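A look at the structure
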Amino acid sequence: MPNLRLANLIDGRLQAPRQERWLDVFEPATGAVFAQCPDSSAEDVDFAVAAAQRAAPAWASTPAEQRARLLNRLADLIEARLDAFAALESRDSGKPLSLARSLDIPRAVSNLRYFAAAVVPWSSESHAMELGAINYTLRQPLGVVGCISPWNLPLYLFTWKIAPALAAGNAVVAKPSEITPCTAALLGELSIETGFPAGVLNIVQGRGPTVGQAIVEHRGVKAVSFTGSTRTGAQIAAAAAPQFKKVSLELGGKNPAIVFADADLGDANLDTIVRSGFANQGEICLCGSRLLVQRSIYDSFRARYLERVRALRVGDPGDAGTDLGALVSREHFDKVMACIAQARAEGGQVACGGEALALPGALSGGWYVAPTVIEGLGPDAVTNQQEIFGPVVSLIPFDDEEEAIAIANGTGYGLAASFWTGDLARAHRVASRLDFGIVWINCWLLRDLRTPFGGTKQSGLGREGGVEALRFFTEPKNVCIRY
Ligand code: NAD
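Residues numbered from 1 in each chain as written. Predicted model: local features only at pLDDT ≥ 70, side-chain atom pairs only at ≥ 80, totals over all residues. Heavy atoms only, no water.

A few points about the overall build of the protein
For clarity, the cut-off: Strands here mean DSSP runs of E at least two residues long; helices mean DSSP runs of H or I at least four residues long; both are numbered from the N terminus. Radius of gyration means the value over C-alpha atoms here, while the globule rule gives 2.2 Å times the residue count to the 0.38 power. Residue contacts follow a heavy-atom distance rule, with two residues in contact if any of their heavy atoms lie within 4.5 Å. Areas reported here follow the Shrake-Rupley algorithm with a probe of radius 1.4 Å; residue values treat only the protein chains shown as occluding. Residues scored as positive are Lys and Arg, those scored as negative are Asp and Glu, and His as well as the terminal groups of each chain are ignored. Lys charges are placed at NZ, Arg charges at CZ, Asp charges at CG and Glu charges at CD.
Scanning the protein from N- to C-terminus turns up 14 helices and 25 strands. Relative to the compact-globule value of 23 Å for 483 residues, the protein shows a C-alpha radius of gyration of 23 Å, a close match. C-alpha atoms of the protein, sized along the principal axes, occupy 70 × 70 × 40 Å. In the protein, the proportion of contacts linking residues at least 24 apart, taken out of those at least 6 apart, comes to 74%. In the form shown here, the protein has an accessible surface area of approximately 18,600 Å², with 54% of it arising from carbon and sulfur atoms. Taking the average place of the 45 positive charges on the side chains of the protein and the average place of its 50 negative ones, the gap between the two points comes to 5 Å.

Examining the side chain of threonine 322
Rules: Counted as a polar contact is a pair of N or O atoms within 3.5 Å, where, for protein atoms, one must be capable of donating a hydrogen and the other of accepting one, and residues adjacent in sequence contribute only when both atoms are in side chains.
Looking at the secondary structure, you find threonine 322 in the loop between α10 (298-311) and α11 (330-345). Of the polar contacts made by the side chain of threonine 322, one reaches the backbone oxygen of aspartate 316; its length is 2.7 Å. Aside from chain neighbours lying at most four places away, what touches threonine 322 is Pro96, Ser98, Arg313, Gly315, Asp316 and Pro317.

Remarks on the packing of aromatic side chains
To describe a pair of aromatic rings, one takes the distance between the centres and the angle between the planes. Put simply, the test is: To pair, rings of Phe, Tyr and Trp, with the six-membered ring standing in for Trp, must have centres within 6.5 Å; the planes then decide the type, stacked if under 30 degrees apart, edge-to-face if over 60, and tilted in the middle. Distance and angle both matter: a charge sits over a ring if NZ of Lys or CZ of Arg is within 6 Å of the ring centre and within 35 degrees of the ring normal.
One pass over the full model with this rule turns up ten aromatic pairs. Ring geometry for phenylalanine 260 against phenylalanine 398: centres 5.5 Å apart, planes inclined by 75 degrees, an arrangement best described as edge-to-face. With phenylalanine 260 in the loop between β13 (255-259) and α9 (267-278) and phenylalanine 398 in strand β19 (residues 392-398), this pair connects stretches of sequence that are 138 residues apart. These aromatic residues form a ring-pair network of at least three members: Tyr114, Phe115, Trp160 and Phe453. A cation over a ring is seen here: lysine 246 above phenylalanine 472, with NZ or CZ 5.2 Å from the ring centre. Over the aromatic face of phenylalanine 260 sits the side chain of arginine 426, whose NZ or CZ is 4.3 Å from the ring centroid.

Quick look at the side chain of serine 225
Within the element layout of this structure, serine 225 appears in strand β11 (residues 223-227). A polar contact of 2.8 Å, which involves the side chain of serine 225, links it to the side chain of lysine 161. Not counting residues up to four positions away in its chain, the partners in contact with serine 225 are Gly146, Cys147, Ile148, Lys161, Ser248, Glu464, Phe472 and Phe473.

Thoughts on the pairing of β11
Going by this rule: Relative accessibility under 20% of the residue-type maximum defines a buried residue, over 50% an exposed one, and the middle range a partly exposed one, all with a 1.4 Å probe and only protein chains included. With the strands pointing away from the viewer, any crossover whose connection runs clockwise from the first strand over the helix to the second is right-handed.
With respect to burial, β11 is a largely interior element, five of its five residues being buried. The alternating pattern of β11 places Ala223, Ser225 and Thr227 and Val224 and Phe226 on opposite faces, both of which are buried. Note on the crossover from β11 through helix α8 (residues 230-240) to strand β12 (residues 246-250): the handedness is right-handed.

Details of unusual backbone geometry
Of note, aspartate 11 is a non-glycine position whose phi angle comes to about 60 degrees, a positive value. Locating aspartate 11 in the fold gives a position in the loop between β2 (8-10) and β3 (13-15). On the basis of relative accessibility, which here comes to 26%, the residue aspartate 11 falls in the partly exposed class.

Re the domain arrangement of the protein
Test applied: These domain limits were set by an automatic method or by a database of domain assignments. Simply put, the buried area is the total loss of 1.4 Å probe accessible area from both parts when two parts are fitted together.
One can read the domain layout of the protein as domain 1 (8-251 + 459-482) and domain 2 (255-448). Just the C-alpha atoms count here: the centres of domain 1 and domain 2 sit 30 Å apart. Contact with domain 1, which involves 25 residues of that partner, is made by 27 residues of domain 2. Summed over both partners, the interface of domain 1 with domain 2 buries about 2,100 Å², with 60% contributed by carbon and sulfur atoms.

A word on the packing of α9 against α10
The line we're drawing: A fitted line through C-alpha atoms represents every axis, and for helices the fit uses only the stretch in contact; the resulting angles, taken between N-to-C directions, go from 0 to 180 degrees. For any helix crossing, the convention is left-handed if the near helix is rotated counterclockwise from the far helix by under a right angle, and right-handed if that rotation is clockwise. Here the term charged refers only to Asp, Glu, Lys and Arg, the term nonpolar to Ala, Val, Leu, Ile, Met, Phe, Trp, Tyr, Cys and Pro, and the term polar to all other amino acids, Gly among them.
Axis separation between α9 and α10 bottoms out at 10 Å; the angle between their running directions is 65 degrees. As for the relative orientation of α9 and α10, their crossing is right-handed in sense. Listed contacts from α10 to Asp267, Leu270, Asp271, Ile273, Val274 and Phe278 of α9 are Phe301, Arg304, Tyr305, Arg308 and Val309. Split by residue class, the contact of α9 with α10 holds seven nonpolar, no polar and four charged.

Re the pattern of salt bridges
Note the threshold: Salt bridges are defined by distance alone: a side-chain nitrogen of Lys or Arg within 4 Å of a carboxyl oxygen of Asp or Glu.
The final tally for this structure, using the stated rule, is 24 salt bridges. Residue arginine 54 is joined to aspartate 11 by a salt bridge in which the shortest nitrogen-to-oxygen separation is 3.1 Å. With arginine 54 in helix α1 (residues 42-60) and aspartate 11 in the loop between β2 and β3, the pair connects residues that are 43 residues apart, well separated along the chain. For arginine 54, a relative accessible area of 56% corresponds to the exposed category. Between aspartate 334 and arginine 330 there is a salt bridge; the shortest N-O distance is 3.3 Å. Within this pair, aspartate 334 and its partner arginine 330 are both found in helix α11, separated by four residues, close to a single helical turn. Residue arginine 330 is classed as partly exposed on the basis of its relative accessible area of 47%. Shared partners join several salt bridges into a network, and the residues in it are Asp262, Glu401, Arg426 and Arg429.

As for the sheet that holds strand β21 (residues 416-420)
Note the following rule: When DSSP finds two or more bridges between two strands, those strands count as paired.
Spatially, seven strands are ordered β15-β18-β19-β14-β13-β21-β22 in an open sheet, and the strand pairing comes out mixed. Every interior strand has two partners, whereas the edge strands, β15 (349-352) and β22 (438-441), have only one. Geometrically, the sheet is characterised by an average inter-axis angle of 25 degrees between neighbouring strands, direction not taken into account. Here β13 pairs with β21 via three bridges, running parallel. The residue bridging alanine 257 from the neighbouring strand is serine 418, located in β21. Across the sheet, helix α13 (residues 424-433) touches β21 and β22, and the angle it forms with β21 is around 160 degrees.

Some details on helix α6 (residues 182-194)
Here is the rule: Between the first and last residue of a helix there are one fewer steps than residues, each counted as 1.5 Å, and that sum is the expected span.
Taking 1.5 Å per residue as the helical rise, α6 with its 13 residues ought to reach 18 Å, and the 18 Å between its terminal C-alpha atoms agrees with that figure. Taken together, the buried positions of α6 are occupied by Cys182, Thr183, Ala184, Ala185, Leu187, Gly188, Leu190, Ser191 and Thr194.

Right under this line is the structure:
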């Protein structure tokens, strides 16, 4: 019997779902059920939206400094429980505890602190006009907004959405992934201790097609910020369209990492290139899953790269030495294994990995996949076009810059690209021609919260981060006053 039963946060109180239905939450490391999450209904969403509507006017007129103080207090409470949050995140998602401790939870804290700091000096534009008038623009909160987040970086992405929404003065109805609901539930408990007014933050747990869809379709919800798959993003865009509801969509990717022959391929950079493919078991939307390598260095690079990938340790997420933990769910494990089979079927060779790993003892029920490198497939192969979202990287040779750019841009996605070069002119040239929302040169995953984040093509719509997020969660109103 699972010992952890999560609750919804509605109107400032922890509540069971009205229909008393629950979903099992699995521990990916063992495959065992360890918690239960509310399987909420549209009725729970109605109650949450009603509570948010009651809270929204007072929250909107609360001074930004006071909203910022509460966000900072919540950040402090999470930071004080870093170990508990990290342990729960690792247990819920299968990611290495070390990663949850060094990346996920600290970033969640930073998200809250960043938007608390950003909203205070955020001012509206004003223009004095020749005719004796002043023209200024108010940025007013929207009222009630929806935030829907995925399972791969659970608290990191949950806070990435609720922090700017709350900072900008909106009341929020949020839904974390039903696959990894635990840390958001803990944050909800702490938000009560923080002192947020009842109804300002509501968390409704449950499945996407019920709770998520009810949030998107609810007439009281003025905008939806969503991070997740391209397929769900398209459904949300269609469901929001009849109401002309604002949506921000952060979706999937098929990101290239391009290695030019002139790159510094010292150990540090090579380690980063390996990490860019396999961090968090490859379950980061920004991971490079297509590794384009200039043909003149292909063989030497390949040998050093494979040596490092083979040395990655897959194992108990709780062990300090683990590089890759378990995949998040049985369903996702099956999908990744099917993608590897597909790569073989379309003529790819498995240069390393390619199989599920059976670990001993309690871990024998867990969902582990060996870090896998595929080669021999052309850029248009299914393996090089579809998002796998697991520990699978495909090596693709190219001859020159022109070809590298064409291959990199040649998928339906446009989230993030990284490339490695020692030539500054090439760095600027290639960056300007890559059709992606984010480009890293000689680095990967260096994120500055002040900068815009998002993708082109099927990787999304709009940008989050920095003032972009504050803009999304507010409505500009132009006011002209004659004196
Ligand atoms: P998903 O689309 O299955 O689910 C994401 C969230 O949407 C979950 O909370 C889910 O319950 C909810 N949902 C599902 N169906 C819904 C519906 N019809 N209406 C409303 N909500 C619904 O995605 P996932 O499998 O949880 O996450 C993995 C995907 O997320 C990958 O494609 C990955 O690339 C993407 N991702 C993108 C970014 C980014 O910033 N661009 C970041 C992380 C993950």
